[in-house]
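# Structure at a glance
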Amino acid sequence: MSISKENILKALGEVQDPDLKKDLVTLGMIQQVNIDGNKISFQVVLTTPACPLKEIIRKDCENALIRNLGEDIELDIEMTSTVTTTRNTTPILKGVKNIIAIASGKGGVGKSTVSSNLAVSLAKTGAKVGLIDADIFGPSIPTMFNCEHEQPGVEKIDGKNMIIPIEQYQVKLMSIGFLSPPGNAVVWRGPMASSALKQFLGDTKWGELDYLLIDLPPGTSDIHLTLVQSVPVTGAVIVTTPQKVALADAVKGLMMFKQPQINVPLLGLVENMAFFTPEELPDNKYFIFGEEGGRRLAESHEVPFLGQIPIVQSIRESGDSGYPAVLKDDITAEAFSNLASSLAQQVAIRNATMAKTQKVEINA
């Protein structure tokens, strides 16, 4: 087979995206094909910079071209990415491609820890990421990002005052903790808390983001309904621990998003504190809270299982010091990085296979 653009695309048409089950050419992922003698260069445009299958796709492209065009060709394959979206253009968060709710059935399962490390993990891959601390009554994101004493700026845009989010570790942040003195209790009724979330969504200058993570309060409340009624949510992630009492509450959070009047896609379930691993015995696992409870729950409800996060001392230390665990070089960093890749993968699959996200309409 001669070296021509037509034959190159024909060969690459044999390569499938492992997640989307379609070939790269049909998906429009092959771009900027150039030929110089026996030298071939092109781009593979992935659906996320956090794609866990990047090297598999690259190797499959190389094998397909060598198989069809011969072994004497020289290949220059640039792996790049454009995060996909199904969001309709809306006045609120119009530059945000994907809005992801991070929820839990009960408190104390490490939802904010997971949210913080997911945000930083995605940012490390090159994605543009924002994080809203929607737990109005118990904000923890300022502490976890070591910016408790920071205050967001205000900028007038088109005659309207817009809040400028705090930026730390390449993640844009917004929390009620930035707007109230440290140590002060926020004693508000539900409508006031919901109003604060609406401000974080509509009166904050987020700019262009690939992913905006919403760290929701525990349980199911006004805040959850306000979120899904205010903006089209791409999908939700449920965080749980393996023990029975946590799993029972996780089911409630999971079923809330599945309700017909809400119908937010479930991107997956995270099992936090899955096992204890001592620092001096990194290969040992002790299942303090039970074994594989989160995985079984995900399977029984046909929800993707995104991964397990161990319980180790360094995660607690990272949360207290405001330096997320994923920025270190240990077992937890690897676990959170893998988790972020799995989440990005599920977002891409959701965007390719499901209908566009719509704002939820709930009548009283």
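See the structure above.
Everything numeric here is computed off the predicted structure, so don't read it as measured data.

In this section: the overall build of the chain. Looking only at helices and strands, the chain has ten helices and 13 strands in total. Relative to a compact globule of 364 residues, whose C-alpha radius of gyration would be 21 Å, the chain shows 22 Å and is just as compact. Taking the principal axes of its C-alpha atoms as reference, the chain extends roughly 75 × 60 × 40 Å. Excluding contacts between residues fewer than 6 apart, the proportion of contacts in the chain whose partners are at least 24 apart in sequence is 73%. On the chain, the mean spot of the 33 positive side-chain charges and the mean spot of the 41 negative ones are 7 Å from each other.

One finds Y211 and F257 to be the most contacted residues of the largest nonpolar core, which totals 83 residues. The element that contributes the greatest number of residues to this core is helix α10 (residues 331–353), accounting for seven residues. Not counting chain neighbours up to four residues away, the residues in contact with Y211 comprise T48, V83, N98, I100, L122, A127, K128, V129, G130, A344 and V347. Among the nonpolar cores identified, the runner-up in size contains 22 residues, and V44, I57, A64 and L69 belong to it.

The next point concerns the pattern of salt bridges. Tallied over the entire structure, the rule returns nine salt bridges. For R67, the salt bridge goes to E14, with nearest N and O atoms at 2.9 Å. You can see R67 sitting in helix α2 (residues 54–69) and its partner E14 sitting in the loop between α1 (5–12) and β1 (30–36), a full 53 residues away along the chain. Here E14 falls in the partly exposed class, since its relative accessible area comes to 45%. With a shortest N-O distance of 2.8 Å, K160 and D203 are connected by a salt bridge. With K160 in strand β7 (residues 160–164) and D203 in the loop between α5 (190–202) and β10 (209–215), this pair connects stretches of sequence that are 43 residues apart. A residue is classified by how much of its surface remains accessible, and K160, at 39% relative accessible area, is partly exposed.

With that settled, consider the packing of helix α3 (residues 111–124) against α10. Across the interface, α3 lies against α10 with an axial gap of 9 Å and an inter-helix angle of 75°. Considering the angle they form, α3 stands roughly perpendicular to α10. For the pair formed by α3 and α10, the contact residues are T113, V114, N117, L118, S121 and L122 on the first element and F336, S337, L339, A340, L343 and A344 on the second. In terms of residue class, the contact of α3 with α10 is made up of eight nonpolar, four polar and no charged.

An order of β1-β2-β3 is seen for the three strands of this open sheet, with the pairing classed as mixed. The open sheet has two free edges, formed respectively by β1 and β3 (74–81), since each of these has just one partner strand. Between one strand axis and the next, the sheet turns through 10° on average, direction left out of account. The sheet contact formed by β1 and strand β2 (residues 39–46) spans five bridges and is antiparallel. By the bridge assignment, I35 is partnered in β2 with I40. The sheet contacts of α1 involve β1 and β2, and relative to β1 the element is tilted by about 135°. Contacting β2 and β3, α2 runs over the sheet at an angle of about 150° to β3.

The next thing to look at is the side chain of T48. Summarising the element assignment, T48 is placed in the loop between β2 and α2. With relative accessibility at 2%, the residue T48 sits in the buried group. Only 3.0 Å separates the side chain of T48 from the backbone nitrogen of A50, close enough to count as a polar contact.

Take a nonpolar patch on the surface next. The grouping of F276, L281, Y286 and I288 at the surface amounts to a nonpolar patch, some 350 Å² of accessible area in total. Its location among the elements puts Y286 in the loop between β12 (266–276) and α8 (293–300). Using a relative accessible area of 38% as the deciding quantity, one classes Y286 as partly exposed.

We now examine the sheet that holds β10. Spatial strand order, β8-β9-β5-β10-β4-β11-β12-β13: eight strands in an open sheet with mixed pairing. The sheet is open, and its two edges are formed by β8 (166–168) and β13 (305–311), each paired on a single side. Taking each pair of neighbouring strands and ignoring which way they run, the sheet shows an average axis angle of 25°. As paired strands, strand β4 (residues 96–103) and strand β11 (residues 235–240) are joined by four bridges and run parallel to one another. Each residue of the ladder has a partner; that of I100, found in β11, is G235.

Moving on, we get to the pairing of β11. Residues in a regular strand project their side chains so that they alternate between the two faces of the sheet. In terms of residue burial, β11 counts as a mostly covered element, since six of its six residues are buried. The alternating pattern of β11 places G235, V237 and V239 on one face and A236, I238 and T240 on the opposite face, and all of these are buried. For β11 and β12, the ladder comprises five bridges, and the chain directions are parallel. Counted as the bridge partner of A236 is L266 from β12. For the segment spanning β11, helix α7 (residues 244–258) and β12, crossover handedness is right-handed.

Next up on the list: the packing of aromatic side chains. According to the stated counting rule, one finds three aromatic pairs in the structure shown. Relative to F287, the ring of F275 lies with its centre 6.0 Å away and its plane at 65°, an arrangement referred to as edge-to-face. Of this pair, F275 sits in strand β12 while F287 sits in the loop between β12 and α8, and the two are twelve residues apart along the sequence. Ring centres 6.4 Å apart and planes at 40° place the aromatic pair F276 and Y286 in the tilted group. Of this pair, F276 sits in strand β12 while Y286 sits in the loop between β12 and α8, placing them ten residues apart in sequence. For F276, a relative accessible area of 30% gives the class partly exposed.

Basis of the calculations
- Residues numbered from 1 in each chain as written.
- Predicted model: local features only at pLDDT ≥ 70, side-chain atom pairs only at ≥ 80, totals over all residues.
- Heavy atoms only, no water.
- Helix = DSSP H or I, 4+ residues; strand = E, 2+ residues; numbered from the N terminus.
- Rg over C-alpha atoms; globule rule 2.2 N^0.38 Å.
- Contact = heavy atoms within 4.5 Å.
- Lys, Arg positive; Asp, Glu negative; His and termini not counted.
- Charge placed at Lys NZ, Arg CZ, Asp CG, Glu CD.
- Core = buried A, V, L, I, M, F, W, Y, C linked by side-chain atoms within 4.5 Å.
- Buried < 20%, exposed > 50% of the residue type's maximum accessible area, 1.4 Å probe, protein only.
- Salt bridge = Lys/Arg side-chain N within 4 Å of Asp/Glu carboxyl O.
- Axes fitted to C-alpha atoms, helices over the stretch in contact; angles between N-to-C directions.
- Parallel < 35°, antiparallel > 145°, perpendicular 65-115°, else oblique.
- Nonpolar A, V, L, I, M, F, W, Y, C, P; charged D, E, K, R; others polar.
- Pairing = 2+ DSSP bridges.
- Polar contact = N/O pair within 3.5 Å; in protein donor to acceptor, adjacent residues only side chain to side chain.
- Patch = residues over 30% accessible without salt bridge, like charges linked within 9 Å, V, L, I, M, F, W, Y side chains within 5 Å.
- Areas by Shrake-Rupley, 256 points an atom, 1.4 Å probe, with all protein chains shown as cover.
- Right-handed = clockwise from strand over helix to strand, strands pointing away.
- Phe/Tyr/Trp six-rings, centres within 6.5 Å; stacked < 30°, edge-to-face > 60°.

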